[in-house]
Amino acid sequence: MCLAIPGKVLSIESRYDGTVRMARVSFGGIVKEASLEMVPQAKVGDYVLVHVGVAISVVDEEEAQRTFSYLREMGELDELKEINDFLPDENQNASQ
Amino acid sequence: MKFLSEYRDPEVAAQYLKLIKKTVTRPWTIMEVCGGQTHSLVKNGILDMLPPEITMVHGPGCPVCVTPVELIDQAVWLAEEKGVILCSFGDMLRVPGSHKSLLEAKAQGADVRILYSPLEAVRLAQTHPDREVVFFAVGFETTAPANALSVVHAKRLGLKNYSILTSHVLVPPAIEAIMEDEQTRVNGFLAAGHVCTIMGTMEYYPLAERFRVPIVVTGFEPVDLLQGILMTVQQLEKGEARVEVQYSRMVREEGNPRAQELLFEVFEVTDRWWRGIELIPMSGFRLKEAYAPWDATRKFDMPPGEAKEEETCISGDIMKGIKKPHECPNFGTRCTPERPLGAPMVSSEGACAAYYHFSNLAKQLAQ
Ligand code: SF4
């Protein structure tokens, strides 16, 4: 029940005499309503994280790349280390 | 789907797995706190892919599982004796109370409804002015703002026939209770990403320091979980105990200030009983005095609970990470998702149900 999924804001409208901001949010084509009360900064086109009918966060698109760049960095570092492992012993000692 | 499918990419997952295997040199026990993460770890077969040095144990982060039996009895009582429209999330309906579940009450004619959002319950109250509508508001910090919002909406709309029965629990006091237990074997935590989306990461610094445990705020997709486990193992291997955020696309250090503002407008922190565990001081929310008209426990004269529990259920030990579901003698025999003896067998986010479904699936695949 703690499921929260990201969806794209298609449109925003106010309800209850303008006191409540509601959005139509598309989850891969399935459109549902969500309240934007917790994310006043959300705009049309943003991706928001929706939980039980309430958007709780705007996805940080730059940060979203980090999971993949982290892997690249780690992978590269690892390869360097692997090359190092193949170097002759004296060489390693010499560089230390 | 954007921001979802890429975190399910088997190749990326395989690379993280490779890095975990390279990094780990000693046995470590890591607890994921959130039931959604337990479900994802089991469903995606991650538990079987991890190197044998890593033991994952499954924390108390399934709100359905830790809601006290008295509250379920009270919800049944409201639906049956008071004739209210009792609404809740689907999982809540099958949890056994001391006499019956909400689903059984529904089958016997009570007006019990499954809703996706508490805001729908407010709408029900609007369209049924002659009926009392009660929303059974369970959940962790993630769900609390939505429940608070429903009360605020009801107040704005001047609705007097809407109230909530709250069973809100908080993650940091649970981590504290787990680490204070002498039997604990937890070396590191994956903290629940969505909880931190609301509350931020500040509350976790003192915990990491006091108990010398790494706490990595992690998401829910396979790649998220594997990265979270890798970050935890890296810290453990280096002897570090820091708070780190894997789920940075959704979590900021300060959390969601607007949501927090709303939470503390409506709720105040209180002691809470956790089903299967114990009373944990200052571990939940209740409605503030100013919102008493929307508090079901103040509005209705609730009967005292009896709290009849199945004595042989070891859910407390499971949720503290001391035991695994298949170590329970009832697992898969007397206790199944169709006929659950304890709450962790009910919700798909409960550890017992997750293990049960998964071992069945494994059996089917082997045939
Ligand atoms: S298998 Fe059933 S009885 Fe055993 S701990 Fe899990 S819920 Fe309780």
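Residues numbered from 1 in each chain as written. Chains lettered and ligands numbered in written order. Predicted model: local features only at pLDDT ≥ 70, side-chain atom pairs only at ≥ 80, totals over all residues. Heavy atoms only, no water.

### Overview of the overall build of chain B
Quick note on the threshold: In this description a helix means any DSSP run of H or I spanning at least four residues, a strand means any run of E spanning at least two, and both kinds are numbered starting from the N terminus. Here the radius of gyration uses the C-alpha set of atoms, whereas the globule reference equals 2.2 Å times the residue count to the power 0.38. Each residue is assigned to one of three classes by its accessible area relative to the maximum for its type, calculated with a 1.4 Å probe on protein chains only: buried under 20%, partly exposed between the two thresholds, exposed over 50%. Contacts are assigned to residue pairs with any non-hydrogen atoms lying within 4.5 Å of each other. For the purpose of charge, His is not counted, nor are the chain termini; Lys and Arg are scored as positive and Asp and Glu as negative. Here the site of a charge means NZ on Lys, CZ on Arg, CG on Asp, or CD on Glu.
Tallying secondary structure elements over chain B gives 16 helices and 11 strands in all. Scaling as 2.2 N^0.38, a compact globule of 367 residues should have a C-alpha radius of gyration of about 21 Å, and chain B matches this with 21 Å. When each of the 367 residues of chain B is scored for burial, the buried share is 63%. Pairs at least 24 apart in sequence give 77% of the contacts found in chain B among residues at least 6 apart. Each charge sign in chain B was given a centre, from 38 positive and 46 negative side chains, and these centres are 4 Å apart.

### Topic: a nonpolar patch on the surface
Using the following cut-off: Patches were defined on residues exceeding 30% relative accessible area and lacking a salt bridge, with like-charge contacts within 9 Å and nonpolar side-chain contacts (Val, Leu, Ile, Met, Phe, Trp, Tyr) within 5 Å. The Shrake-Rupley method, run with a 1.4 Å probe, gives the accessible areas here. Residue values count only the displayed protein chains as cover. Salt bridges are defined by distance alone: a side-chain nitrogen of Lys or Arg within 4 Å of a carboxyl oxygen of Asp or Glu.
Taken together, the side chains of Phe264(B), Val269(B) and Met282(B) present a nonpolar region at the surface, about 250 Å² in accessible area. By secondary structure assignment, the location of Val269(B) is in strand 10 (residues 267–273).

### A few points about the nonpolar core
Residues and elements named next belong to chain B. Keep this limit in mind: Here, nonpolar core refers to any group of buried Ala, Val, Leu, Ile, Met, Phe, Trp, Tyr and Cys residues whose side-chain atoms link them within 4.5 Å. Domain borders in the structure are assigned automatically or taken from a domain database.
In terms of nonpolar packing, the biggest core is built from 136 residues, with Leu-78, Phe-136, Tyr-162, Phe-189, Tyr-204 and Ile-229 touching the most fellow members. No other element matches the 8 residues that helix 12 (residues 222–238) contributes to this core. The residues that make up this core include at least three from each of domain 1 (5–25 + 45–54 + 175–245) and domain 2 (65–170 + 255–299). In this structure, Leu-78 is in contact with Gly-83, Val-84, Leu-86, Val-134, Leu-165, Ala-296, Phe-300 and Met-302, ignoring residues within four places of it in sequence. In this structure, Cys-335, Leu-341, Ala-351 and Ala-354 belong to the second largest nonpolar core, which totals 14 residues.

### What to know about the domain arrangement of chain B
How large an interface is tends to be reported as the accessible area lost when its parts come together. All names here are of chain B. Our working definition: Summed over both partners, the accessible area (1.4 Å probe) lost when two parts come together is defined as the buried area. N or O atoms within 3.5 Å of each other form a polar contact, as long as, within protein, one can give a hydrogen and the other can take it, and as long as residues adjacent in sequence are counted only when both atoms are side-chain atoms. For this classification, Asp, Glu, Lys and Arg are treated as charged, while Ala, Val, Leu, Ile, Met, Phe, Trp, Tyr, Cys and Pro are nonpolar and the rest, including Gly, are polar.
Under the domain assignment, chain B is made up of domain 1 (5–25 + 45–54 + 175–245) and domain 2 (65–170 + 255–299). Look at where the C-alpha atoms of domain 1 and domain 2 centre, and you get two points 31 Å apart. On the side of domain 2, 12 residues touch domain 1, which itself brings 8 residues to the contact. With both chains or domains summed, domain 1 and domain 2 bury close to 740 Å², and 71% of this area falls on carbon and sulfur atoms. Connecting domain 1 to domain 2 are 0 salt bridges. In this assembly, domain 1 and domain 2 are joined by 4 residue pairs in polar contact (both at pLDDT 80 or more). Among the elements that take part in the side of domain 1 that touches domain 2, helix 10 (residues 193–199) stands out by supplying 6 residues, more than any other. Of the residues in the side of domain 1 that touches domain 2, the class split is 5 nonpolar, 3 polar and no charged.

### Brief notes about the sheet that holds strand 7 (residues 188–192) of chain B
Across a sheet, strands are paired by hydrogen bonds formed along the backbone, either parallel or antiparallel in direction. All names here are of chain B. The cut-off we apply is this: We treat two strands as partners when DSSP finds at least two bridges between them. Every angle, taken between N-to-C directions, lies between 0 and 180 degrees, and every axis is a line fitted to C-alpha atoms, over only the stretch in contact when it is a helix.
Taken together, the 5 strands give an open sheet; going across it, the order is 2-1-7-8-9, and neighbouring strands pair in parallel fashion. Lying at the two open borders of the sheet, with one neighbouring strand each, are strand 2 (54–61) and strand 9 (243–245). With direction set aside, neighbouring strand axes in the sheet form an average angle of 25°. Two elements, strand 1 (residues 28–34) and strand 7, share 3 bridges in a ladder whose sense is parallel. Residue Met-31 lies in a different strand from strand 7, and its bridge partner there is Phe-189.

### Describing the packing of helix 7 (residues 118–127) of chain B against helix 8 (residues 144–156) of chain B
Residue and element names in this part refer to chain B. Filter applied, for reference: Working definition: roughly parallel below 35 degrees, roughly antiparallel above 145 degrees, roughly perpendicular at 65 to 115 degrees, and oblique for all remaining angles. Handedness of a crossing follows from how the near helix is turned relative to the far one, being left-handed for an anticlockwise turn of less than a right angle and right-handed for a clockwise one.
Between helix 7 and helix 8, the least distance of the axes is 8 Å, while the angle of their chain directions is 25°. Of the possible angle classes, the one that applies to helix 7 and helix 8 is roughly parallel. Considering only the axes of helix 7 and helix 8, their crossing is right-handed. Contacts from Pro-118, Leu-119 and Val-122 in helix 7 reach Ala-146, Asn-147, Leu-149, Ser-150, His-153 and Ala-154 in helix 8. For the contact of helix 7 with helix 8, the class distribution of residues is 6 nonpolar, 3 polar and no charged.

### Observations regarding the site of the ligand
The criterion, for reference: The rule for a residue being near a molecule or strand is that one of its heavy atoms must lie within 4 Å of it.
Contacts to the ligand come from 13 residues, most closely from Cys313(B), Cys328(B), Asn330(B), Cys335(B) and Cys352(B). Tallied by class, the residues present in the shell around the ligand amount to 10 nonpolar, 3 polar and no charged.

### Here's the deal with the interface of chain B and chain A
With 52 residues of chain B in contact, the opposing surface of chain A contributes 42 residues. Of the roughly 4100 Å² buried where chain B meets chain A, counting both sides, 64% is carbon and sulfur surface. For the salt bridge of Glu61(A) with Lys2(B), the shortest nitrogen-to-oxygen distance reads 3.4 Å. Linking chain B with chain A are 16 residue pairs in polar contact (both at pLDDT 80 or more). Of all the secondary structure elements, the ones that give two or more residues to the side of chain B that touches chain A are helix 1 (10–23), helix 4 (63–66), helix 7, strand 5 (133–139), helix 8, helix 10, helix 12 and helix 13 (257–266) of chain B. For the side of chain B that touches chain A, the leading source of residues is helix 12 of chain B, giving 6 residues. Here the residues of the side of chain B that touches chain A sort into 27 nonpolar, 14 polar and 11 charged.

### So, unusual backbone geometry
Of note, the phi angle at Val52(A) is positive, near 35°, even though the residue is not glycine. Locating Val52(A) in the fold gives a position in the loop between strand 4 (47–51) and strand 5 (54–58). Unusually for a residue other than glycine, Phe3(B) sits at a positive phi of about 65°. Here Phe3(B) shows up in the segment before helix 1.

### Some points on the sheet that holds strand 5 of chain B
All names here are of chain B. Ordered by their spatial adjacency, 6 strands build an open sheet running 4-3-5-6-11-10, and the pairing between neighbours is mixed. Each edge of the sheet is formed by a strand with only one pairing partner; in this case those strands are strand 4 (112–114) and strand 10. Strand-to-strand twist across the sheet, computed as the mean angle between neighbouring axes with direction ignored, equals 25°. Direction of pairing for strand 6 (residues 162–169) relative to strand 11 (residues 279–287): antiparallel, over a ladder of 2 bridges. When the bridges of strand 11 are listed, Val-169 appears paired with Gly-284. Helix 5 (residues 69–81) rests against strand 3 (85–88), strand 4, strand 5, strand 6 and strand 10 of the sheet, and its axis sits at about 170° to strand 6. Most of the contacts of helix 9 (residues 171–180) go to strand 11, to which it runs at about 170°, and overall it touches strand 6 and strand 11.

### Here we look at helix 12 of chain B
All names here are of chain B. Counted only if it meets this: Expected helix span is taken as 1.5 Å per residue step, with the number of steps being one fewer than the number of residues.
For helix 12, spanning 17 residues, the distance from its first C-alpha to its last is 24 Å, which sits close to the expected 24 Å at 1.5 Å a residue. Buried residues dominate helix 12, accounting for 16 of its 17 residues. Residue Gly-239 follows helix 12 closely and has a positive phi angle near 75°.

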